[in-house]
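Summary of the model geometry
One letter stands for each residue in the lines below.
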Amino acid sequence: MSNKTISSALISVFSKDGLAPIVKKLNDLNVTIYSTGGTEKFIKDLGINVVPVEDVTSYPSILGGRVKTLHPKVFGGILNRQNHDGDVAELAEFEIPQIDLVIVDLYPFEKTVASGASNQDIIEKIDIGGISLIRAAAKNYADVTCVSSVDDYSEFLELLETKNGETSDEDRKRFAAKAFNVSSHYDSAIFNYFNKNHEIASLKISETEGKVLRYGENPHQRGFFFGNFDDIFTKLHGKELSYNNLLDVDAAVNLMLEFKNDAPTFAVLKHNNACGLAQRDTIHQAYVDALAGDPVSAFGGVLISNSEIDKATAEEIHKLFCEVVIAPSFSDEALEILKGKKNRILLILKDIEMPQTNVRSCLNGILVQDRNNITDKLENLKSVTKTTATANELDDLIFASKICKHTKSNTIVLAKNKQLCASGTGQTSRVDALNQAIHKATSFNFDLKGAVMASDAFFPFPDCVEIADNAGITAVIQPGGSIKDELSINYCNENNVAMVFTGTRHFKH
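What comes next concerns the included structure. (Residues numbered from 1 in each chain as written. Predicted model: local features only at pLDDT ≥ 70, side-chain atom pairs only at ≥ 80, totals over all residues. Heavy atoms only, no water.)

1. Considering the overall build of the protein
Scanning the protein for helices and strands turns up 18 helices and 23 strands. In terms of overall dimensions, the protein is more spread out than a globule: its C-alpha atoms have a radius of gyration of 31 Å, far above the 23 Å expected for 509 residues. Buried positions account for 48% of the 509 residues belonging to the protein. Of the contacts made within the protein by residues no fewer than 6 positions apart, 56% connect residues no fewer than 24 positions apart. (Helix = DSSP H or I, 4+ residues; strand = E, 2+ residues; numbered from the N terminus. Rg over C-alpha atoms; globule rule 2.2 N^0.38 Å. Buried < 20%, exposed > 50% of the residue type's maximum accessible area, 1.4 Å probe, protein only. Contact = heavy atoms within 4.5 Å.)

Listed below in structure tokens is the structure:
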């Protein structure tokens, strides 16, 4: 392999944005240009000579444009090996022109799917000729330069201008890598469209938006984020988010989506768990009461609101060192206050739906599951005790259950009057989780008399309800389903504790 000078080019693109300067530069370099359809017309309209592909193949575009470039004279011109005597002889024998450059921009399949277009429109946006040209040109990068996306037009134009149409082995290999990135992502998107109900047990993940993070969970680990952060947030202020920031932000968003259309709700999270959460008539009071849940853990945490953050709330937040503040909006006065700390990250959460599939690495493979889309609701509750929960207790039970669903297992959540009193998180036994929650609540002066308890899984023994009752808790929500459910039910009946079953476990590992 060696440096190559571009003398001929095949251009067939969907997006013409940024193409004109490339075409003009190729013309200045006396490069012969071949093209098809709309791209051919675009080049002609620039006043530049272009050879229709039909003149090369002696075959018209057929089937409504579905078949234009799929021809041996096109692919022979791309795939021939210029240092191979047999290939060179065959080009001459069959009058196949040498092609040194291929520029393609594929039909916008993903954008068409996202637009809600009909199945037929989506199918028509599956590019056949373009993807084949990309693969052929990239395979033969020893002799051919492949520009595979409108995103690479500016880089390629700079190459043309600095090297006057000459490319190195390194240049062509770099563009080939970009090309296979485009083609593999495109095919993954098409497969996932056809397999959206997971009839085929195959996982295709492709993210072309990648960012190198400062480090991973710890400074000695490398970290990356693959995804389009801007699809979910508008970043208003602050430093770059870290790996741990992103994990906490993800936990915060998923938790607050449970309260999306509720009264003003504020949450404080630390290490993926809520350490404070309250729902009130104003977002200011919701923040004050959320912070009261654990003002110690709140230091360096992630804050999230389901309502606009106003001046009064911002003034309170500004007293706290926190990494990230998330809300659907901020008042102008609130922004001015919160921007007072240069590193504080301020994010507007857009109206979005989170992915419906959860993916994580495991051993030498990957675990995949459906998103936990079940939220416990009043109509799903089954009262199993003689004492029935009051209306206020039922509201608190649902409130606690929503938090419990998003807290690491084993977990117990204690709540009262739409305020998180405390939770026991990530414990190896449910009794430990409950004792941790009670200790934490009392250390912050919460009166647990009349509070409620939520558990992410059933109680195999009555010990937890007994401990809760002794602490003053009057109502319990749990999935039920233990073969020893009656033990807990009997204790509640004997001690006037209300208990409801949801029928749904919410483990979170």
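2. Description of the nonpolar core
One recurring pattern in soluble globular proteins is that nonpolar side chains are buried together. Within the largest apolar cluster, 42 residues are counted, with the highest numbers of intra-cluster contacts made by F233, V249, L277, I304, I326, L347 and I403. Considering each element in turn, this core owes the most residues, seven residues, to helix α11 (residues 243–256). When near neighbours in sequence (up to four residues on either side) are disregarded, I304 contacts A252, V253, M256, T265, F266, A267, L269 and I326. Ranked by size, the runner-up nonpolar core spans 29 residues in total, among them Y34, I131, V144 and Y193. (Core = buried A, V, L, I, M, F, W, Y, C linked by side-chain atoms within 4.5 Å.)

3. Some points on the packing of aromatic side chains
What the rule picks out here adds up to ten aromatic pairs. Centre to centre, the rings of F266 and Y287 are 5.0 Å apart; their planes meet at 70 degrees, and the pair counts as edge-to-face. Here F266 is found in strand β11 (residues 265–270), whereas its partner Y287 is found in helix α12 (residues 283–292), with 21 residues between them in sequence. Y287 carries the same exposure label as F266, and that label is buried. Here the aromatic residues F109, Y186, Y193 and F194 are joined through ring pairs into a cluster of three or more. The side chain of K204 reaches across the aromatic face of F191, ending 4.8 Å from its centre. (Phe/Tyr/Trp six-rings, centres within 6.5 Å; stacked < 30°, edge-to-face > 60°. Lys NZ or Arg CZ within 6 Å of the ring centre and 35° of its normal.)

4. Side note on the pattern of salt bridges
Any two side chains of opposite charge can pair, given that their charged atoms come close. According to the stated counting rule, one finds 20 salt bridges in the structure shown. Between E240 and K211 there is a salt bridge, with its nearest N and O atoms 2.3 Å apart. Taken together, the residues span a long stretch of sequence, with E240 in the loop between β10 (233–237) and α11 and K211 in strand β8 (residues 210–212) at a distance of 29 residues. Its salt-bridge partner being D351, residue K260 comes within 2.7 Å of it at the nearest N-O pair. In this pair, K260 is assigned in the loop between α11 and β11 and D351 in the loop between β15 (345–349) and β16 (357–362), connecting sequence segments 91 residues apart. (Salt bridge = Lys/Arg side-chain N within 4 Å of Asp/Glu carboxyl O.)

5. A word on empty space enclosed by the protein
This model, assessed by the stated rule, comprises three cavities of 30 Å³ or more. Here the largest cavity defines a volume of roughly 50 Å³. What lines the largest cavity is D376, S401, C404, A454, S455, D456, I477, Q478, P479, T502, T504 and H506. Per-class residue counts for the lining of the largest cavity are four nonpolar, six polar and two charged. (1 Å grid on protein atoms, 1.4 Å probe; cavity = no way out; pocket = protein on both sides within 12 Å on 5 of 7 lines; lining within 4 Å. Points joined across faces, edges and corners; volume = space filled by probe spheres on them. Nonpolar A, V, L, I, M, F, W, Y, C, P; charged D, E, K, R; others polar.)

6. Overview of the environment of K196
Structurally, K196 is set in the loop between α10 (169–194) and β8. Residue K196 is classed as exposed on the basis of its relative accessible area, which comes to 52%. With 34 residues separating them in the primary sequence, K196 and D230 have C-alpha atoms 24 Å apart.

7. Some details on unusual backbone geometry
Look at the link from S409 to N410: it is a cis peptide, with omega at -15 degrees. Mapped onto the elements of the fold, N410 is located in the loop between α15 (391–405) and β19 (412–415). Phi is positive for N164, close to 50 degrees, though the residue is something other than glycine. Structurally, the position occupied by N164 is in the loop between α9 (153–163) and β7 (166–167). On the accessibility criterion, N164 (48% relative accessible area) is partly exposed. Even without glycine at this site, N445 takes up a positive phi of about 65 degrees. Looking at where N445 falls in the secondary structure, it is placed in the loop between α16 (430–443) and β21 (452–455). Residue classification places N445 among the exposed residues on the basis of a relative accessible area of 71%.

8. What about a negative patch on the surface?
Taken together, E110, D151, E207, E209, D230 and D231 make up a surface patch of like negative charges. By secondary structure assignment, the location of E110 is in helix α6 (residues 109–114). (Patch = residues over 30% accessible without salt bridge, like charges linked within 9 Å, V, L, I, M, F, W, Y side chains within 5 Å. Areas by Shrake-Rupley, 256 points an atom, 1.4 Å probe, with all protein chains shown as cover. Lys, Arg positive; Asp, Glu negative; His and termini not counted. Charge placed at Lys NZ, Arg CZ, Asp CG, Glu CD.)

9. Side note on the side chain of T57
Tracing the backbone through its elements, the reader meets T57 in helix α3 (residues 53–57). Discounting residues that sit within four places of it in the chain, T57 has contacts with H71, K73 and V74.

10. Quick look at the sheet that holds strand β5 (residues 101–105)
Reading across from one edge, β4-β3-β2-β5-β6 is the order of the five strands in this open sheet, with parallel pairing throughout. In this open sheet, the two edge strands, each paired with only one partner strand, are β4 (51–52) and β6 (145–147). In the sheet, strand β2 (residues 8–13) pairs with strand β3 (residues 32–35) via four bridges, with the strands oriented parallel. Pairing of S8 across the sheet is with T32, part of β3. (Pairing = 2+ DSSP bridges.)

11. Observations regarding the layout of surface pockets
Considering only enclosed or pocket space, the second largest pocket measures out at about 450 Å³ in volume. As for the second largest pocket, its lining consists of 26 residues, of which G65, R66, K68, Y107 and D127 are closest to the centre. Those elements giving two or more residues to the lining of the second largest pocket turn out to be β2, α2 (37–45), β5, α7 (119–124) and α8 (129–139). Grouping the amino acids of the lining of the second largest pocket by side-chain chemistry returns ten nonpolar, ten polar and six charged.

12. Looking at the pairing of strand β12 (residues 273–279)
For a regular strand, side chains alternate in direction, first toward one face of the sheet and then toward the other. Among the seven residues in β12, seven count as buried, and that is most of the element. Taken together, the six bridges between β11 and β12 define a ladder with antiparallel strand orientation. Among the inter-strand pairings, L269 is bridged to a residue of β12, identified as A274. Where β11 folds back onto β12 in an antiparallel hairpin, the turn is made up of two residues, including H271, whose phi is positive at roughly 50 degrees.

13. Here we look at the packing of α8 against α10
Between α8 and α10, the shortest axis-to-axis distance is 9 Å and the interhelical angle comes to 145 degrees. α8 and α10 meet at a crossing whose hand is left-handed. On α10, the residues touching I131, I134, R135, A138 and K139 of α8 are A176, A179, F180, V182, S183 and Y186. Classifying every residue of the contact of α8 with α10 gives eight nonpolar, one polar and two charged. (Axes fitted to C-alpha atoms, helices over the stretch in contact; angles between N-to-C directions. Left-handed = near helix turned anticlockwise from the far one by under 90°.)

Geometric descriptors of this kind do not, in isolation, establish any biological role.
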